[in-house]
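# Observations on the model geometry
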Amino acid sequence: MLAYLLRRILYAVPILIGVNLLTFALFFVVNTPDDMARMQLGIKRVTPDAIEKWKQQHGYDKPLLLNNTASGTEKITNTIFWQKSASMFALDFGYSDDGRNISREIATRMGPSLAIALPTFLIGLVAYVSFALLMTLFRATALDMAGVALCVVLMSISFLFYIISGQFVVSKLWHLVPISGYDGGTGGFKFVVLPIVIGVIGSVGSSSRWYRTIFLEEIGKDYVRTARSKGLSELAVLFRHVLKNAMIPVLTGVVVVIPLLFMGSLLTESFFGIPGLGSYTIDAINAQDFSVVRAMVFLGSLLYIVGLILTDISYTIVDPRVRLS
Amino acid sequence: MSFMPVILWSDALVFLLLLSGIACAWYVRRHEHLLLPWRRVAQSATAMVSLLVLSLFLLAGLLDTLHYQVALPEKNGGETVYSPEVLSVFDKLLTPLRTHTEKTYSAPLAVTLYTKESISDVHGNVLREYPRLRYGGAQLADIQQQGNDVLRRGLSGALAGLAAGLLIALGARRRLAKRGWPLRALLIATLLISAIIGMFIDLATSYHVLGTDKVGQDVLYLSLKSIRTGLIIGTVTTLVTLPLALLLGIAAGYFRGWIDDVIQYIYTVLSSIPSVLLIAAAVLMMQVTIDTHPQWFNNSASRADLRLVFLCLILGVTSWTGLCRLLRGETLKLREMEYIQAAQSFGVSSLRILTRHIMPNVMHIVLISLVMDFSALVLAEAVLSYVGVGVDPSMISFGTMINAARLEMGREPMVWWALASAFGFMLVLVLAANLFADAVRDAFDPRLNRTEVAA
C-alpha cells in the first residue's frame, strides 16, 4: 500500500511539472513581461523607463530561462522561470500586485471557501443520491418520467439564474437572510445558508440524472435478478445490493472533487461576498493580477491530482477486488 | 444604396461548419445503415419538436452571420467609403427594433419611461411625470388605451401567425413529411410557435415587447442578437475539439506504447487544471496580445469577433480531453476485435485500418458527446462573461446582457425584464438542445438501449 502510494505520488510529479511549464509558457512566453507591463501601465505614452521600473518592481527584469550574466547555480536560479514558476513546487507563490503574500492569503481564505463548499458537497451528495434512488425505485413509471423531465429542465437553467433569483426572492422580498457578507463566528450561519441551498439546487438536475443512470445500469445486472429471485424486497435489493455496488462509479466522480472544495466556487463566492479563494480568483482576474491567477492554476491542479490519488485509495476501501500493487 | 459583404473570422468558420454539416448529411442520406439511427430520432416527438425550435434559432443565427457594410453617401465623387458599422441581414430584418431606441429603461409593453422626468406642459408648468416613450405606443393618443391596444394587436398577431403556421404546416407536410414522423406533435408545435412569433411581430412594430435596457435598446433585439453568439460558442468550439480528440484519442488507443503515454500525459496535464482557471489564464493572455496589437483590427466588430473566435479556440483546447479519453478507451476495445485482427493479418496499413475500420465505429460516441457538449457550452458562455473572461463586452451575448442587468437588481421597482429575457431565451435554447441530445443518445448508444429495455 505504502509503495503504491509512493509510486502514485511520484507519477504526479511529471504532471505537475507539465502544468508548471504550461503556465510558464502561457504567462511569460506567449506574452513577454514587456507586453504585460504595457498592458498594466496603459498602452498610451508608456516610456521604456516605466516598463523597466514595473518589471523591476514585480521581479520580471530577469532572463526567462538562463541567466548568462550570472555564475554558478545563479545561472539557473536567477531567472524568471526559477523564481516565479519553479518556486511554486515549494508552495511559495510570491507576492500579488498589491504586495501581499499569496501563500498567506490562500491559507486565510481557505476557511470561508470550505465553510460554503463542504456543506454544499455533503448535503448535495445525500440529496442527489436519494432523489436518484427514488427515481430508480419508481423506474419506468410516470413518477420516474416526471423526475427525469424535472432534471432536464433544472439542468437547462443557468446557475446564474439560481443565484440571482435566490438572492432576489429570499433576501430581498422575504428578508430572511442578508444578501451578502460573511462572518467566521457562530453568527455566520445566516450568511452561509442561502449559498449552500442554492449550490445544492444548482446541480440537482445533472447530478441526480447521472446517479440515476448509474443505478439503472447496476439494476440490470444478473446479481440483482438473483437477489430478487431469493425473494428480497425491492427496497432491500436497492439499498443493500445496488447502492453498495454502485459505489464504485459514484466514487470516481465524487472523491476527485473533495480536495477541490478548498478552491471554493467562483460564482457563489463573488455573488455572496464571501472572502474565499473563489472570490480571490475573480478579483485577481478582474484586476489582471497574473501572479495570483498563476498561483490558483497551480494550486487547482495540485488539488486535482491529490483527488485522483484519493480516488484510487477509496477504491481499495469499497471494492475488495481492487488490489493496489 | 450599395453595400459590401464582410466576412468576419467567425462567419468563415460558421460557413465551414455549415458546409461540412451538409456534406455529412449528404453522405448519411446515401447510406442506409447510417440513416437508421436518425430514423429513430425522427420518430421521437420531443426530438422533432426540439429540432424545430433549434432550427429556428439556427436560422436566426445564420441570418445574423451574413454581414455587410453599407456605403456612406458620397461626398465629392471620390471613391466610395463604407460605414465602419458592420451590419447583418438579420439586423436589416430587425431595423425597427434596432433603431427605435428610447432614452433609458422602460418596462415590457410600456408606453412611458421607467423613471420620472421634469416635463413642462402647455401652460409652462413643470411637472414630475413619467414621460411618454419615443416609439413604444407612440401611435396611441391616450395612455389609457394601452391595455386594449396590446390585447387587440396581440390577438390579431397571434391569429395571423396561426394562419401562416397552418399554411406552412400543410405545405411542409405534403413536401417533407415521412411515414412514422410524429406529425400531430409537430403540427401543434408549429402552430404554437407561429402564433407566438406572430404576436411578437405585431406587438413589436409599436411596442418594446420585452422592454428596453439602460441605454434604451430594445431587449428583444438584444436577445435575438445573442443567439448567434451562443450558437457560435456552442458549435465553432467543435472545430477545435473534434480533430484533436479524434486524432489523438484513436492514435493513443490503437498504437499504444509510447504514443499512448505521451498523449495520456498531455491530456492528464490539461485536464488537471480546473477548466475555468485555465480558460481565465488563457483569455487574460489573449487580452494582452489583443491590447498590445491594435493595428490588427480595422474596426471594433472585427476585434470583438476575433476575441470570440479565440474564446472558442480556448474552450476547445480545454474541453477535448474528455472526448479523447472516451475515444481512447473505445479504440482499445475495438483493436482487439476479430475484424481488426483480420485486417491486420491481411496486411492492411494502419492508416487504412484507422480510417476505414475504427473511425466509423467510434463516430456514435463523437456525435453523442458533441450534441451533449453544445448546451454546456452555451451555459458556460454566460458564466465566463460574468467572470470577465468571456466575449468582448461590446459583443451582444446572453452573458453580457445578464452582466449588465445584474447591476440594476437593487433598483426599486426592480428592472427584471432584461434578466428574464436573457434567461428565458437561454432556457429555451438549452432545453431544446438537451432534449435533442437525449434523443440522439438514445438512438445511437447501443449500450443504453439495452439498459433502458432491461429497466
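Quick note: structure is the one above.
Summary of the structure given here.

So, how was this worked out
Residues numbered from 1 in each chain as written. Chains lettered and ligands numbered in written order. Predicted model: local features only at pLDDT ≥ 70, side-chain atom pairs only at ≥ 80, totals over all residues. Pairing = 2+ DSSP bridges. Helix = DSSP H or I, 4+ residues; strand = E, 2+ residues; numbered from the N terminus. Axes fitted to C-alpha atoms, helices over the stretch in contact; angles between N-to-C directions. Parallel < 35°, antiparallel > 145°, perpendicular 65-115°, else oblique. Contact = placed C-beta atoms within 7 Å. Nonpolar A, V, L, I, M, F, W, Y, C, P; charged D, E, K, R; others polar. Expected span 1.5 Å × (residues − 1). Buried ≥ 20, exposed ≤ 12 C-beta atoms within 10 Å, placed from the backbone. Arc of directions from axis to C-beta. Core = buried A, V, L, I, M, F, W, Y, C linked by C-beta atoms within 7 Å.

### With respect to the pairing of strand β2 (residues 67–71) of chain B
Residue and element names in this part refer to chain B.
- For strand β1 (residues 3–6) and β2, the ladder comprises 4 bridges, and the chain directions are antiparallel. Bridge pairing in β2 links F3 to V70.
- When β2 meets strand β3 (residues 82–88), the two strands line up antiparallel, connected through 4 bridges. When the bridges of β3 are listed, Q69 appears paired with V86.

### A few points about the sheet that holds β3(B)
All names here are of chain B.
- Strands sit in the order β1-β2-β3 across an open sheet of 3 strands; the sheet is antiparallel. Looking at the sheet topology across the chains shown, the edges are occupied by β1 and β3. Looking at each pair of strands side by side, their axes are set apart by 30 degrees on average, direction ignored.

### A look at the packing of helix α6 (residues 102–137) of chain A against helix α15 (residues 277–287) of chain A
Residues and elements named next belong to chain A.
- At their nearest, the axes of α6 and α15 sit 7 Å apart, and the two run at 125 degrees to each other. In this view, α6 runs oblique relative to α15, as classed from their interaxial angle. Taking contact as the criterion, the partners of E105, I106, R109, M110 and S113 in α6 are, on α15, L277, G278 and Y280.
- Partitioning the contact of α6 with α15 into residue classes produces 4 nonpolar, 2 polar and 2 charged.

### Looking at the interface of chain B and chain A
- Counting residues at the interface gives 40 residues for chain B and 48 residues for chain A.
- Taken together, the elements giving at least two residues each to the side of chain B that touches chain A come down to α9 (257–272), α10 (275–292), α13 (350–387), α14 (398–406), α15 (417–444) and α16 (446–454) of chain B.
- Considering every element that reaches the side of chain B that touches chain A, the biggest residue donor is α10(B), with 12 residues.

### Digging into helix α1 (residues 9–29) of chain B
Residue and element names in this part refer to chain B.
- The end-to-end C-alpha distance of α1 is 30 Å, a good match for the 30 Å that 21 residues give at a rise of 1.5 Å each.
- For α1, every residue scored as buried is listed here: S10, D11 and V14. With its buried residues spanning 100 degrees around the axis, α1 presents them on a single face. With respect to the buried face of α1, the exposed residues turned more than 90 degrees away are A12, L16, L19, A23, W26 and Y27.

### A look at the nonpolar core
- Judged by nonpolar contacts, the single largest core of 161 residues is most densely connected at A:V293, B:I279, B:A280, B:A281, B:L284, B:A422 and B:F436.
- Counting residues per element, this core draws most heavily on α15(B), at 18 residues.
- Apart from residues lying up to four places away in sequence, B:A422 is in contact with B:S223, B:S226, B:F398, B:M401, B:I402 and B:A405.

### Regarding the pairing of strand β4 (residues 117–120) of chain B
All names here are of chain B.
- Bridge analysis of β4 against strand β5 (residues 126–129) gives 4 bridges, and the strand direction is antiparallel. In the strand pairing of β5, E117 is matched with E129.
- Taken together, β4 and the strand that follows it, β5, pair antiparallel across an intervening segment of 5 residues, in which G124 is found at a positive phi of about 90 degrees.

### What to know about unusual backbone geometry
- For A:A140, which is not glycine, the phi dihedral falls at a positive 60 degrees.
- As for its position among the elements, A:A140 is in the loop between α6 and α7 (142–155).
- Even without glycine at this site, B:L109 takes up a positive phi of about 60 degrees.
- With respect to the element layout, B:L109 can be found in the loop between α5 (95–99) and β4.

So far we have only geometry, and geometry alone does not tell us how the molecule works.
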